Amino acid sequence: MKEILLVCNEGMSTGFLCNKMNELAKKEGLDIHAWAIPESALEGRYHEADIIMVGPQIGYLLDSIRTRTQGTVPVAAIRPVDFGRVNAQAVIEHALSLIK
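Residues numbered from 1 in each chain as written. Predicted model: local features only at pLDDT ≥ 70, side-chain atom pairs only at ≥ 80, totals over all residues. Heavy atoms only, no water.

**Digging into the sheet that holds strand S1 (residues 2–8)**
Spatial ordering of the open sheet is given by S2-S1-S3-S4, a layout of 4 strands whose pairing is parallel. Both outer strands of the open sheet, strand S2 (32–38) and strand S4 (75–77), are each paired with one neighbouring strand and no more. Across the sheet, the axes of successive neighbouring strands diverge by a mean angle of 25°, strand direction being ignored. In this sheet, S4 lies alongside strand S3 (residues 51–54) in parallel orientation, the contact comprising 3 bridges. Within S4, the position partnered with Val54 by the bridge is Ala77. Together, S1 and S2 form the strand contacts of helix H1 (residues 13–28), whose direction differs from that of S2 by roughly 175°. (Pairing = 2+ DSSP bridges. Helix = DSSP H or I, 4+ residues; strand = E, 2+ residues; numbered from the N terminus. Axes fitted to C-alpha atoms, helices over the stretch in contact; angles between N-to-C directions. Contact = heavy atoms within 4.5 Å.)

**Overview of the packing of H1 against helix H4 (residues 88–98)**
Interhelical geometry of H1 versus H4 gives an angle of 80° and a closest axis separation of 9 Å. Overall, the two elements H1 and H4 adopt an arrangement that is roughly perpendicular. Side by side, H1 and H4 meet where Leu17, Lys20, Met21 and Leu24 of the first sit next to Ala88, Gln89, Val91 and Ile92 of the second. Considering only residue class, the contact of H1 with H4 consists of 6 nonpolar, 1 polar and 1 charged. (Parallel < 35°, antiparallel > 145°, perpendicular 65-115°, else oblique. Nonpolar A, V, L, I, M, F, W, Y, C, P; charged D, E, K, R; others polar.)

Given below as C-alpha cells:
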C-alpha cells in the first residue's frame, strides 16, 4: 500500500481532500492511503509516508520540508487548482507519478 501524506498548516484543510482521496481509492480499487497532518508534526511522521504532498498555503516551506526529510521521501506541492477543487483524482495521479 502506498502512503500519501498531505501536510498543511493544521492538517484540517487537507482532511477534506484526504477523505475524497480515500473514497476514490476504495471505489477504484487503488492500493493507497492518504492522511493529513500539520506541518509542525512532520518530524515524527514523515518516515511513514511514500510521498509528502504539501498544501498550497504552505508551499513556501517546500525546500524546508525537503531539507528536514533529508531526501528520504519525495516532497511535492499540491497544485492550487487541484486543492481548491478538491480534485482527488488529480492529486492521486500526481503523487503516484512521483513515487519511485
